[in-house]
Amino acid sequence: MSELAMQVGQSAAPEAVLFWILAPLTLIAALGMLLVKKAVHSAILMAFVMVALAVFYIAQGAPFLGIVQIVVYTGAVMMLFLFILMLVGVDSSDSLTESIRGLRPIAITAAVGFGGLMVSLLGRATLGRGAVGVEAANADGNVEAIAQLLFSTFVWPFEAVSALLITAALGAMVLAHHHRIQERPTQRQLSIDRFRKDSLGAAAGLPAPGVFARHNAVDVPALLPDGSPASASINASLKARGDLQNSSIFELGTVDTSASEEK
Amino acid sequence: MDVANYLYLSALLFTIGAVGVIVRRNAIVVFMCIELMLNAANLSFVTFSRINGDLNGQVIAFFTMVVAACEVVVGLAIIVMIYRSRRSASVDDASLLSR
Amino acid sequence: MMTSTGLVYLIALPLAGAAILLLAGRRSDKWGHLLATGLSAASFFLGLYQLSLMLGRSSAQRPIGQKLFEWISVGTFKIDAGLLLDQLSICFVLLITGVGTIIHIYSIAYMSHDLDRRRFFAFLNFFIAAMLLLVLGDSYLNLYVGWEGVGLASYLLIGFWNQKPAYATASKKAFIMNRVGDMGLSFAVMIAFATMGTVSFSGIKAAAEQTSTAALTGIGIMLLIAATGKSAQFPLQAWLGDAMAGPTPVSALIHAATMVTAGVYLITRSNFIFDAAPTAQLLVVIVGAITLLFGALIGTAKDDIKKALAASTMSQIGYMILAAGLGPVGYAFAIMHLLTHGFFKAGMFLGAGSVMHGMNDEVNMRKYGALRKFMPITFITFGLGYLAILGVPPFAGFYSKDMIIETAFNAGGIKGIILGSVTLLGAGITAFYMTRVMILTFTGTSRWDEKAHPHESPWLMWLPMAILAVGSVTSGYLLSNGDALAHWLSPLFESHEEHHELLPPIVVSALALTLVAIGVAIAFLKYSRSGVDAVAPSDVSILTTIARQDLMQDRFNEVVFMRPGQVLTSALVKTDEVIIDGAVHGVARSALGVGASLRGLQNGFVRSYAALILIGALALIAAIWVVAQ
């Protein structure tokens, strides 16, 4: 027991501590992405995984990438994801029951096999090989070294990627753009349409909602001359939500004593 | 600590991402899982860079990020388009072949 | 051989009539029958004119020909559409157009109430044209065209009242059985071309000497099959009885006087083949002998007047075929009997038609009786035909039939005795059944339906009957006086063999008359003395039952040909369905199955595609894992 503790103590470099704390959390977060129901929770877990990866990059001598990871991924990409999530409905949630028969067991079996084989292969490939480390390459600073490479060896791929970025931006714009099928109706046209309707009831405009001595609100229907409420005076969306007040309680001549007592 | 541990982590993250692509139906979650797979690959690149002692791996990871960014832009635009026409972000609803 | 340009009009006139009547449609309803009759008569007079020309030439110069056009020219195979009018053809031309015209006239009255009279006359004219082409063709292939033409005409006319399914079926039966015979003719043409390289009569006649007997026997047998089909001879005889479904003038013209004798013409025309092929010739005699008894026996049991006459026709053509099979001595007698038979049998059929006309189309003789008083002219003309077919001197049948009996006896040896006996027996049975027809129809007590009002037919009908009756009386004497017909035809046939007389002619005649007398006497005893039931008695001997069913000919065809044919066909259909279709459908079904199972993969769900990609990646990694051991 003490020997094991000794081994841990000797090998427990700061990086190892970082790794053994962060790596399980990262895996748990990644698995959580699969298991949570709400897409927005998935997005938050994803953001955590990305930040953790950024930390790993920095720990491995890639501070530039780590920063870029945080700025581009957690900053831009995840914001984009969240933005789209808001667009399509933030509470949209999957039912986690599988609709395609047999897909889930197949996927999990294949994934377990894939992961196992990968780990086994990687273990075999890296067994007994120490790391050279990037300290030498980063001697003049990581950003400068990467810049050196980007603008010399990788200048053509760099240019190509910049073209790709522009194209993608254009593509996204083209996709998001949509044509109007009909001309937007002008005021003149709307007015003509009103008069061409079956009834001329709405031709002069809809009645304003109720204005009473005791109350003045958009959710109270106006009263018609015979004392009945005019439903046309209420905004359609209020009606749809059911946020309607009964105008009869504000009628003149009937004094609501309970209301005054409350005051 | 053995540097290979990063590679194992990368393999596991990649696998989780792959399972996520298959089992989740919300197109946005699917897309995030794809991003997870790309990131797992990036982690491998960075680790390879460290193992080999040159920065090519980091540059490749950088390119991957750029391409991933492009992909997100276009992919999310497509999702929005599909959502607009189908009122659904489920990838199963975008299947026309089966019926 | 002399050529003439006029021969084609013999055929063209009636053919034009048919075409006009069919193309003009209802517009020609009013005058169509007159035009058809006129064109038929014109053809007859043209025939008479050709006869007069022919009489003016020496016997070697008499055959004339006409090349119409080059018909088929393929390599060495050259056939011209050509016509040949010789001493044999002219007999047929005059018979066809003469009897044909008479029957046209008769039909004007007989069919006057029929809405489709025009179509009937069109078909009649077409028949005349086809039959003339048959007898005028100068090669087997030209003959074949006419042969098929008369088959078609026969089919159309038997099924003329095709609104009755039974009649339509009868026409189909006739057509199909004729096809069997036609196949024989086409085979004969093929064998002739394969062995001799020619199909013309003159070419084959010239080449026959160098040709093997086997080939000639083959051709002969095939020609015999053709003849049995067209002439209703055993074993293809079954259609003739049902062919009586057609209007009576058709029965008289096609199924008594002309078309059914085409087989006799074919065998006589092919004399050079049969003379060189004794086996085929023997078969001809056998077929003739069997049929003459076969038809006679059927005739004794039939109550339908037309079917009784049809059975008689079958029997009489048996006589002709038998005579034609006896070689050069018999050809002339075959033709002579053919001509006399053409008169008296056509006359009797017209008489039967006249009776039916007066009896509301009743054909059952048991519903007749005592018609003599009501139809005196019909009775007299029918009676003259009756005397002629019996062979009572000096009526026509006496000359022609006795000649055949005589020739049969003179065939020599056991063959002669057998054939002679058969022909004598046939004469006796003929006397019996024809007397039965006479008694049942014209004498005794009336057994009519209440609605029947028997009356004599109009003059347009009895005049043709009278003309034919005159022919029945005189034609035998005219044709045999001084062996006129035999001499007329003799240049066409090889020289006569020497007579070896078994019995002197007078003895033969006496024997024949005795048998005829016996037959008549039996019929009198059976039908005249004891009277006749209006309904056919059912408690009859098995022999009568069989005879009533046409000696089981239909049953035989059904059991021997139809049922195995049906079994074979259904087996083939099953084979086709199970094996052929099975293979085809199996391929399709397996493709479908593979497609359906693969279709499960292409379900359109992105996620299942992703799963497939993952599985592919797994396989790749597994391969690397194995390789990188």
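Residues numbered from 1 in each chain as written. Chains lettered and ligands numbered in written order. Predicted model: local features only at pLDDT ≥ 70, side-chain atom pairs only at ≥ 80, totals over all residues.

J.: Could you clarify how one ought to interpret the overall build of chain B in this entry?
T.: Counting its regular elements, chain B contains three helices and zero strands. Its helices and strands taken in sequence order, chain B reads α-α-α from the N to the C terminus. Taken over 99 residues, chain B has a buried fraction of 60%. In chain B, once contacts between residues fewer than 6 apart in sequence are set aside, the share between residues at least 24 apart is 45%. (Helix = DSSP H or I, 4+ residues; strand = E, 2+ residues; numbered from the N terminus. Buried ≥ 20, exposed ≤ 12 C-beta atoms within 10 Å, placed from the backbone. Contact = placed C-beta atoms within 7 Å.)

J.: Would you mind going over the overall build of chain A with me for this structure?
T.: Helix and strand content of chain A: ten helices and two strands. The order of helices and strands in chain A, counted from the N terminus, is α-α-α-α-α-α-α-α-β-β-α-α. Relative to its full complement of 263 residues, chain A shows a buried share of 21%. Partitioning the contacts of chain A with sequence separation of at least 6, the portion at a separation of at least 24 is 47%.

J.: Before we go on, may I ask you to explain the packing of helix α3 (residues 87-110) of chain C against helix α19 (residues 459-480) of chain C in this structure?
T.: Residue and element names in this part refer to chain C. The contact between α3 and α19 brings their axes to 7 Å, and the two run at 155°. With respect to α19, the element α3 is oriented roughly antiparallel. The crossing of α3 and α19 is left-handed. For the pair formed by α3 and α19, the contact residues are I102, I103, I105, Y106, I108, A109 and Y110 on the first element and L460, M461, L463, P464, I467 and L468 on the second. Looking at the contact of α3 with α19 residue by residue, the classes come out as 13 nonpolar, no polar and no charged. (Axes fitted to C-alpha atoms, helices over the stretch in contact; angles between N-to-C directions. Parallel < 35°, antiparallel > 145°, perpendicular 65-115°, else oblique. Left-handed = near helix turned anticlockwise from the far one by under 90°. Nonpolar A, V, L, I, M, F, W, Y, C, P; charged D, E, K, R; others polar.)

J.: So what exactly am I meant to see when it comes to the interface of chain B and chain C here?
T.: Interface size is often expressed as the accessible area that is lost when the parts come together. Taken together, the contact pairs nine residues of chain B with nine residues of chain C. The residue inventory of the side of chain B that touches chain C, partitioned by class, reads six nonpolar, two polar and one charged.

J.: Mind showing me how you'd approach the confidence of the model for chain A here?
T.: Should the pLDDT be low somewhere, the predicted coordinates at that spot are not to be read in detail. Residue-level pLDDT values for chain A average 80, and 81% of them are 70 or greater. Across chain A, the secondary-structure element scoring lowest on mean pLDDT is helix α10 (residues 257-262) of chain A, at 51, and the one scoring highest is helix α3 (residues 39-59) of chain A, at 92. (pLDDT = per-residue confidence, 0-100.)

J.: Looking at this model, I keep getting lost on helix α10 (residues 248-257) of chain C. Mind explaining?
T.: In an α-helix, one full turn covers 3.6 residues, which means residues spaced three or four apart are oriented alike. Residue and element names in this part refer to chain C. The element α10 is extensively covered by neighbouring structure, given that ten of its ten residues are classed as buried. For α10, the complete set of buried residues consists of T248, P249, V250, S251, A252, L253, I254, H255, A256 and A257. Contacts made by the buried residues of α10 are with α3, α4 (117-136), α5 (140-158), α9 (239-242), α14 (305-324) and α15 (328-358).

J.: Whenever I open this one, the pairing of strand β2 (residues 64-74) of chain C confuses me. Can you help?
T.: Looking along a regular strand, one sees side chains alternate from face to face of the sheet. Residue and element names in this part refer to chain C. By the bridge criterion, two bridges tie strand β1 (residues 2-3) to β2 in an arrangement that is parallel. Among the inter-strand pairings, M2 is bridged to a residue of β2, identified as I64. Where β2 and strand β3 (residues 77-85) come together, nine bridges link them in antiparallel fashion. Pairing of E70 across the sheet is with D80, part of β3. Remark: two residues form the turn of the hairpin made by β2 and β3, two consecutive strands paired antiparallel; G75 in that turn has positive phi of roughly 60°. (Pairing = 2+ DSSP bridges.)

J.: Mind showing me how you'd approach the interface of chain A and chain B here?
T.: Of the residues lining the interface, 71 residues belong to chain A; the matching set on chain B comes to 61 residues. Tallied by class, residues from the side of chain A that touches chain B come to 55 nonpolar, twelve polar and four charged.

J.: Which parts of the structure should I look at to understand the nonpolar core?
T.: In a soluble, globular protein the nonpolar side chains are often hidden away together inside. The biggest cluster of nonpolar side chains holds 200 residues, and the ones touching the most others in it are F127, L132, L223, L322 and A346 of chain C. Setting aside residues up to four positions removed in sequence, L132 of chain C forms contacts with L10, I11, V93 and I96 of chain C. Among the nonpolar cores identified, the runner-up in size contains 84 residues, and L45 of chain A together with V21, L55 and V72 of chain B belong to it. (Core = buried A, V, L, I, M, F, W, Y, C linked by C-beta atoms within 7 Å.)

J.: It is not clear to me how the packing of helix α11 (residues 262-269) of chain C against α14 of chain C should be interpreted in this structure. Could you clarify?
T.: Any two packed helices are characterised by the angle at which their axes cross and by the distance between the axes. Residue and element names in this part refer to chain C. Closest axis-to-axis distance for the α11/α14 pair is 10 Å, and the angle between their directions is 5°. Comparing the axis directions of α11 and α14 gives the class roughly parallel. Residue-level inspection shows G263, V264, I267 and T268 of α11 in contact with α14, the latter providing I317, M320, I321 and A324. Counted by class, the contact of α11 with α14 contains six nonpolar, two polar and no charged residues.

J.: What is the right way to look at the confidence of the model for chain B in this model?
T.: All names here are of chain B. Chain-level pLDDT for chain B is 87 on average; 96% of the residues reach the 70-or-more range. Within chain B, the element-level pLDDT minimum falls on helix α3 (residues 56-86), averaging 89, and the maximum on helix α1 (residues 4-23), averaging 92. In the predicted complex, the global pTM is 0.62; the interface-specific ipTM is 0.91.

J.: Looking at this model, I keep getting lost on the sheet that holds β3 of chain C. Mind explaining?
T.: Two modes of strand pairing occur in sheets, parallel and antiparallel, and in both the strands are linked by backbone hydrogen bonds. Taken together, three strands build an open sheet; the order of strands is β1-β2-β3 (chain C) and the sheet is mixed. Of all the strands in the sheet, the pair left with one neighbour each is β1 and β3 of chain C.

J.: What am I meant to see in α3 of chain B here?
T.: Between the first and last C-alpha of α3 of chain B there are 44 Å, a value that for 31 residues agrees with the 45 Å anticipated at 1.5 Å per step. In the segment just after α3 of chain B, R87 of chain B is the residue with positive phi, at about 55°. (Expected span 1.5 Å × (residues − 1).)

J.: Before we go on, may I ask you to explain the environment of E456 of chain C in this structure?
T.: Here E456 of chain C is to be found in the loop between α18 (413-442) and α19. Beyond its immediate chain neighbours, meaning those up to four positions away, E456 of chain C contacts F374, M375, P376, I377 and T378 of chain C.

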